[in-house]
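Here is how the chains run, residue by residue.
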Amino acid sequence: MLILGIETSCDETSAAVVDDGRKALSNVIASQIKIHRKFSGVVPEIASRAHVLAVNRVVDEALRQAGMAIEDIGGRIEAVAYTRGPGLAGALLVGQIAAQTIAFLRGVPLVDVNHVEGHLYAALLEHPDLEPPFLCLVVSGGHTELIAVDSFGSYRYLGGTRDDAAGEAFDKVAKLLRLPYPGGPVIDSLARTADPAAVAFPRPYLKGSWDFSFSGLKTAVVNHVMKNPALIGNRRRVADVAASFQQSVIDTLMEKTFAAAREYRLPHIVIGGGVSANSALRSQFAARARREKMKVYLPGLAYCTDNAAMIAAAACFKFRATGGAAEETTQRIDPGMKLTNWKQQVTYER
Ligand code: KG4
Ligand code: ZN
């Protein structure tokens, strides 16, 4: 089953054509990073406008790269999916209106997808044999969540961030170290040649809970920089701080994820979200899984950060289970959307 997916929840305009939820025929991403970099973060109004300018071109290109055209929607392409939330309201609206219009004009069903759910399914595009049950760690700019996926559309929410998400912590620490936005990839590459044990930052394990909290770690980095102002401008010392911070995030994520995998007897661990692109995180999770006789499934790098292929992948399983959105033409975006089980309509509130 072919689905066209559209994703515009934050600062990437993306469209993709995905077959059976597991094979991306195309995945076009127009990134706005350059536009937002001078503000050191995403400016919502600028993001919405950039989505408006890009969305038609991105959809056309995704169809073209899949060897298709708009006329194939309603033929080979059987449904259109979009990110309904969570995300920036104006940004979400652009993708929703585009998807709703195409679905209505081409007479195909519309499938609404939760963005976090998209990250849960991204690894399927890399590992076509992957099946639930598995434990999923979603680590992105807005989320750090541990979710037990018992079957497609059947989730148990174990815990999540109480304050800063992991990616948000990367971005804020990078800003503090006067590194460009987004901080994650920059810290990742600086850390490769630095000493992760240079500074002993805390590991916020929050014992007895599956929740995460990275704001204290961020404060520890702030305090370290305030006590050692001369380090800013010294590339080697900045890299050591970056590597030490990164190692604290990875240790915390790893400790809790593997503990949850043991507790819930879910030896297959899936990771998704922008931070899953981190090279040290990828190799350390894989090595630990080998030691603990578990298995880690990572998305390919193109499917870690926001992309429409993961939305179309999730949509395929959701469409098969539910038949798509009930009120296709009146459905509204949901900027604070919670993860919901497809069948029982159980919503997970934080
Ligand atoms: O999933 P995503 O594209 O957007 C959200 O849903 O939030 O994640 C973006 C986040 C940013 O905070 C960015 O700094 C982080 O993912 N990120 C990384 C890496 N690449 C992106 N963090 C650590 N290492 C990376 N290589
Ligand atoms: Zn995301």
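Our subject is the structure listed above.
Below or above, wherever it landed, is the structure these notes cover. Because the structure is predicted, anything quoted here is derived from the model rather than measured.

Secondary structure summary: the chain contains ten helices and ten strands in total. In terms of C-alpha radius of gyration, the chain reaches 20 Å, essentially the compact-globule figure of 20 Å for 350 residues. Taken across its 350 residues, the chain has 58% of its residues classed as buried. Taking all contacts inside the chain whose residues are at least 6 apart in sequence as the whole, residues at least 24 apart take part in 72%. Measuring between centres, the 39 positive side-chain charges of the chain sit 7 Å from its 35 negative side-chain charges.

Let us now look at the site of ligand 1. The environment of ligand 1 is made up of 19 residues, and the closest members are Gly-141, Asp-171, Asp-188, Asn-278 and Asp-306. In the environment of ligand 1, an oxygen atom lies 3.0 Å from a nitrogen or oxygen atom belonging to the backbone of Gly-184. Asn-278 places a polar side-chain atom, nitrogen or oxygen, 3.0 Å from a nitrogen atom of ligand 1. Compared with its free state, where it exposes 560 Å², ligand 1 has 90% of that area covered by protein. A molecule is said to occupy a pocket when more than half its atoms come within 2 Å of that pocket's grid points, and by this definition ligand 1 occupies the largest pocket. Elements supplying a minimum of two residues to the shell around ligand 1: helix 4 (115-121), helix 5 (166-176) and helix 6 (183-191). Of the residues contributing to the shell around ligand 1, the split by class is five nonpolar, eleven polar and three charged.

On to the side chain of Thr-83, then. You can see Thr-83 is positioned in strand 4 (residues 77-85). Of the polar contacts made by the side chain of Thr-83, one reaches the side chain of Glu-7; its length is 2.6 Å. Beyond its immediate chain neighbours, meaning those up to four positions away, Thr-83 contacts Ile-6, Glu-7, Ser-9, Leu-92, Val-113, His-115 and Ile-311.

As a further point, take the sheet that holds strand 7 (residues 144-151). Strand-to-strand pairing in sheets goes through backbone hydrogen bonds, with the strands running parallel or antiparallel. Strand order in the open sheet made by the five strands is 8-7-6-9-10, with mixed pairing throughout. Every other strand in the sheet has two partners, leaving strand 8 (154-160) and strand 10 (295-297) as the edge strands with one partner each. Shown here is a sheet whose adjacent strand axes are inclined to one another by a mean of 25°, direction ignored. Where strand 6 (residues 134-139) meets strand 7, six bridges bridge the pair, whose relative direction is antiparallel.

To continue, consider the coordination of the zinc ion (ligand 2). Expected angles at a metal are 109.5 degrees for tetrahedral coordination by four donors and either 90 or 180 degrees for octahedral coordination by six donors. Protein-derived coordination of the zinc ion (ligand 2) comes from His-115 (NE2), His-119 (NE2) and Asp-306 (OD), at a distance range of 2.0 to 2.1 Å. Donor residues binding the zinc ion (ligand 2) come from one chain and are separated in sequence as H-x3-H-x186-D. Pair noted here: His-119 is in helix 4 and Asp-306 is in the loop between strand 10 and helix 10 (308-322), with a separation of 187 residues, a long-range link. For His-119, a relative accessible area of 0% corresponds to the buried category.

Our next topic: the nonpolar core. Counting residues in each nonpolar core, the largest one holds 52 residues, and the members touching the most others are Leu-177, Phe-245, Leu-253, Ile-271 and Phe-285. Counting residues per element, this core draws most heavily on helix 8 (residues 235-263), which supplies 13 residues. Non-local contacts of Leu-253, meaning those with residues more than four positions away in its chain, are made with Leu-137, Val-139, Thr-144, Phe-212, Phe-214, Leu-281 and Phe-285. Among the nonpolar cores identified, the runner-up in size contains 38 residues, and Tyr-303, Ala-315, Phe-317 and Leu-339 belong to it.

This paragraph deals with helix 6. Of the positions making up helix 6, those classed as buried are Gly-183, Gly-184, Ile-187, Asp-188, Leu-190 and Ala-191. Of the surrounding secondary structure, the elements contacted by the buried residues of helix 6 are helix 5, helix 8 and helix 9 (279-291).

Our next topic: the environment of Val-55. By the element assignment, Val-55 lies in helix 2 (residues 44-65). With a relative accessible area of 7%, Val-55 lands in the buried category. Residues Val-55 and Ala-30, spaced 25 residues apart in sequence, show a C-alpha to C-alpha distance of 8.7 Å. When neighbours within four sequence positions are excluded, Val-55 is seen to be in contact with Ile-6, Thr-13, Val-94 and Ala-98.

Look at the link from Gly-85 to Pro-86: it is a cis peptide, with omega at -10°. Its place among the elements puts Pro-86 in the loop between strand 4 and helix 3 (89-106). Put simply, Tyr-181 and Pro-182 share a cis peptide bond, and its omega is -10°. Inspection of the secondary structure assignment puts Pro-182 in the loop between helix 5 and helix 6. Located in the positive-phi region is Arg-265, a residue other than glycine, with phi close to 50°. Assignment of secondary structure puts Arg-265 in the loop between helix 8 and strand 9 (268-272).

Counting buried residues along strand 9, four of its five residues qualify, which places the element largely inside the surrounding structure. In this sheet, strand 9 lies alongside strand 6 in parallel orientation, the contact comprising four bridges. By the bridge assignment for strand 9, Cys-136 is matched with Val-270. Following the backbone out of strand 9, through helix 9 and into the adjacent parallel strand 10, one traces a crossover that is right-handed.

The rules behind the values
- Residues numbered from 1 in each chain as written.
- Chains lettered and ligands numbered in written order.
- Predicted model: local features only at pLDDT ≥ 70, side-chain atom pairs only at ≥ 80, totals over all residues.
- Heavy atoms only, no water.
- Helix = DSSP H or I, 4+ residues; strand = E, 2+ residues; numbered from the N terminus.
- Rg over C-alpha atoms; globule rule 2.2 N^0.38 Å.
- Buried < 20%, exposed > 50% of the residue type's maximum accessible area, 1.4 Å probe, protein only.
- Contact = heavy atoms within 4.5 Å.
- Lys, Arg positive; Asp, Glu negative; His and termini not counted.
- Charge placed at Lys NZ, Arg CZ, Asp CG, Glu CD.
- Near = heavy atom within 4 Å.
- Polar contact = N/O pair within 3.5 Å; in protein donor to acceptor, adjacent residues only side chain to side chain.
- Areas by Shrake-Rupley, 256 points an atom, 1.4 Å probe, with all protein chains shown as cover.
- 1 Å grid on protein atoms, 1.4 Å probe; cavity = no way out; pocket = protein on both sides within 12 Å on 5 of 7 lines; lining within 4 Å.
- Sits in = over half its atoms within 2 Å of the grid points.
- Nonpolar A, V, L, I, M, F, W, Y, C, P; charged D, E, K, R; others polar.
- Pairing = 2+ DSSP bridges.
- Axes fitted to C-alpha atoms, helices over the stretch in contact; angles between N-to-C directions.
- Donors = N, O, S within 2.8 Å, 3.2 Å for Na, K, Ca; no water.
- Core = buried A, V, L, I, M, F, W, Y, C linked by side-chain atoms within 4.5 Å.
- Right-handed = clockwise from strand over helix to strand, strands pointing away.

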